[in-house]
Structures are given as C-alpha cells and as structure tokens.
Amino acid sequence: MNSRRHFSILELVPIAPSSISTHQLQQKLLERDFDISIRMLQRDLQSLYEQGCFGLEKDSRSKPYGWSINAQWRSSNSRVMSTEVAEHYLLLEQLLPQSVPSDVKQSVNIKAEQALKRVNGHVPDWLSTLPKPSLKVNIDSKLVAQIEHAIKHKRAVSTELYRVLYDEAHWLKFSELSFYNLVEQGGVLMAQFMVGELHDKCYQMPVYRIRNVHILQKTRREPSTEQLKSLHSAISKGMSQEAIELVVKVPSHSAVNQGFIELGELTDKQKIDDKNVLLTYQTIDSEQLTDELFKFAHWLEVVKPEKLRQRIVSKLQAAANIYK
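Just so we're clear, the structure is a prediction, and the values are computed from it rather than from any experiment.

Caption draft 1: Local environment of the overall build of the protein. Across its full length, the protein carries 10 helices and 11 strands. By the burial criterion, 44% of the 324 residues in the protein qualify as buried. Long-range contacts, defined as pairs at least 24 residues apart, comprise 60% of the intrachain contacts of the protein with a sequence gap of at least 6. Total accessible area computed for the protein in this model is approximately 18000 Å², and 51% of it derives from carbon and sulfur atoms.

Right, dumping it as structure tokens:
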C-alpha cells in the first residue's frame, strides 16, 4: 500500500517550475482513494525528498511549502530521456520486490523498456559494480533451470516475452523460441535466442522479462556463424557508443528549452537573444538521437558536434531531393 501511495504522490507532483502544496496534493490523492492525513503526507514527501533519487524538490522559502519534480529528471512528454534517468529505471525495474502491485510494476516496466531503447539495449557497465545478488532478486531459479535444460538438450520452447508496444506493456506469447545461450552482462543474466522457424536474426533479452517457459518435443534451431556474428556486433556496437557534447540552438518557448523534451544531461544554458537560447548536453551519439533531432530540424539547429550537424544536413538534403 505504501508503494502505491508513494508512486501516486510522485505522479501527482508537477514538473518545475510548477509546484503543488501539501493540501492540494492531499485533495488529489483523495480523488485516487488515498485518504491520508496532512501529517502523514508531509512525512511521505520528506522521506521521498531525503532519498534524493526521485527528482523531488522542496521550495521552503515560504509556507506552505511548494513541491515539484526537477524538470531535468522527469518529463511526461520527453521522447529521449537522459542517460542518468534511463539507468535509474533499469536498476529500479530489477530491484522491484515481487510484492509490488501489478499496476505499479507495469508503469516501471514501461519506463524501463524506454530506458533500454535509450541505451540501445546495452545495460550500463556501472550496474556490474553493485552486489549481484540484489540485481537478481526477481529471477526465478525454476525459470533459469528450464532455459538451461532447453539449451542442454537442444529443445525448442514456447514462452512469453515482455514487450512494450505503442507505450503499453504486454506479455506476448511466442509459440516457438530456440534458446542457445545464457550470458551475464553488467550483472544482469541475459538469454540469447532465435524466434520461430524462419526468422533469421538472433536476439538477447534479460531473463527477468521471460516467463511461462514450456519445453517442446521439438529440436531447437541452431544459429549460424553469421547470425551469431551479427548479434555480437550489435552488442559490441551498443557497448562502444560515443559520448558527445551536444550544443543546440532552440527558440526560448520551445519544448526543449522548457524541459519537456530531453536530449541528454543538460550542462549549460545561454540566452542568445530575446527569441533563442543555446543549450549544451552531455549525451550518447546514437541513431535514436539523430532521428529525434531530425524531427525537430524545422526549429532546432545542431551547432556541435560538426559530424552530427552534417548528418542532419545530409538527411535534410535527401528529404528535399525527394520532394522536389
């Protein structure tokens, strides 16, 4: 119950510079069937604030205090979350206790799926420095044993995989999967597999996103050398992503400047004139970032790095040639 209440509190607190008072928050919680006293709500807010990992901020310059979420930490409309937030969600998903209500778990899982895309499927290296037993709290030993059995005896399986489609989380049924390896990456146990009888690609997924494994009376598919090479190349590519300093020029009123769209970790903001600002981010050079910048190219200008700027220019020129 406490977890659900805390999750609702964090959902209802607005993004800075907007803020909400304790009494206003109490009324909104009441609408969600949380009837708690002001004193208990104050204790909850203070506790979440002191933990320092939820982006919660307190304006104590006057009473009643105003509560808000740091705009750089969370954005309900963000399309590219910062790497810091992405890593927090990946860690949070793995450490969720089994007793957490399903709706809370689903909300976290959706964010973690987006986070995994943010880091191109590569679990951050710093997770491997944490105690590994805590990272495997949600892994079912029976599930691991079933996958190991299927690999050892070269059997195909039917199973369900956790995926996010159009921002909604689903457990998708797969009638035939071929597991061929279990590897540990960054302290997280990953299963490598092929799908069906005809699909050529090999995939890798955290074991905690797999459930209901049933071993079939059918021999599994064996990946070819080229298929394995392709998977390893994709994993290596994700591990060797280049960190860059991104500088963009945007209108002052834009969603990027207001913090509703994050392009990385904001490190500097400079006002150019009454209409434009220059923003500097620490981020990862990825295909997703390029696509996102291209979407905003009619009002956002990439100033640095030059190679990323030229990549956007090339895309714009190709688009212009198509529409001539």
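Caption draft 2: Looking closely at the pairing of strand β9 (residues 265-271). Pairing of β9 with strand β10 (residues 276-285), which is carried by six bridges, proceeds in the antiparallel orientation. Bridged to Asp 268 within β10 is Thr 280.

Caption draft 3: Seen up close, the packing of aromatic side chains. This structure, assessed with the given rule, holds four aromatic pairs. Consider the rings of Phe 179 and Phe 193, whose centres lie 5.8 Å apart with planes at 75°: the pair is edge-to-face. Taken as a pair, Phe 179 in strand β4 (residues 168-185) and Phe 193 in strand β5 (residues 188-195) lie far apart in primary sequence, 14 residues in all. The burial state of Phe 179 is the same as that of Phe 193; both residues are buried.

Caption draft 4: View of the confidence of the model for the protein. Per-residue confidence for the protein gives a mean pLDDT of 78, with 77% of residues at or over 70. Across residues 130-137, confidence stays below pLDDT 50; counting only partners more than four residues off in sequence or on other chains, it has 16 contacts.

Caption draft 5: Quick peek at the environment of Ser 230. Inspection of the secondary structure assignment puts Ser 230 in helix α8 (residues 225-239). For Ser 230, a relative accessible area of 46% puts it in the partly exposed group. In this structure, the C-alpha to C-alpha distance between Ser 230 and Lys 201, residues 29 residues apart in sequence, is 8.0 Å.

Caption draft 6: Main features of the environment of Lys 229. Examined against the element boundaries, Lys 229 turns out to sit in helix α8. Looking at Lys 229, the relative accessible area reads 57%, which means it is exposed. Residues Lys 229 and Cys 202 lie 27 residues apart in sequence; the distance between their C-alpha atoms is 9.5 Å.

Caption draft 7: Local environment of the side chain of Asn 276. Relative to the helices and strands, Asn 276 resides in strand β10. For Asn 276, a relative accessible area of 18% translates into the label buried. The residues touching Asn 276, leaving out its near neighbours within four places in the chain, are Lys 249, Val 250, Pro 251, Ser 252 and Lys 271.

Caption draft 8: Unusual backbone geometry, seen in detail. Here the bond from Lys 304 into Pro 305 is cis, since omega is 0°, no more than 30 degrees from zero. Tracing the backbone through its elements, the reader meets Pro 305 in the loop between β11 (301-304) and α10 (306-322). Residues other than glycine seldom take positive phi values, yet Lys 154 does so here, at roughly 55°. Residue placement: Lys 154 occurs in the loop between α7 (141-152) and β3 (155-165).

Caption draft 9: Quick look at the environment of Asp 59. Inspection of the secondary structure assignment puts Asp 59 in strand β1 (residues 56-59). With sequence-adjacent residues up to four places away left out, Asp 59 is seen in contact with Tyr 65 and Gly 66.

Caption draft 10: Layout of helix α2 (residues 22-31). Buried within α2 are the following residues: Thr 22, Leu 25, Gln 26 and Leu 29. All buried residues of α2 fall inside an arc of 105° around its axis, so they share one side. In α2, the exposed positions angled more than 90 degrees off the buried face are occupied by His 23 and Glu 31.

Quick notes on the rules
- Residues numbered from 1 in each chain as written.
- Predicted model: local features only at pLDDT ≥ 70, side-chain atom pairs only at ≥ 80, totals over all residues.
- Heavy atoms only, no water.
- Helix = DSSP H or I, 4+ residues; strand = E, 2+ residues; numbered from the N terminus.
- Buried < 20%, exposed > 50% of the residue type's maximum accessible area, 1.4 Å probe, protein only.
- Contact = heavy atoms within 4.5 Å.
- Areas by Shrake-Rupley, 256 points an atom, 1.4 Å probe, with all protein chains shown as cover.
- Pairing = 2+ DSSP bridges.
- Phe/Tyr/Trp six-rings, centres within 6.5 Å; stacked < 30°, edge-to-face > 60°.
- pLDDT = per-residue confidence, 0-100.
- Arc of directions from axis to C-beta.

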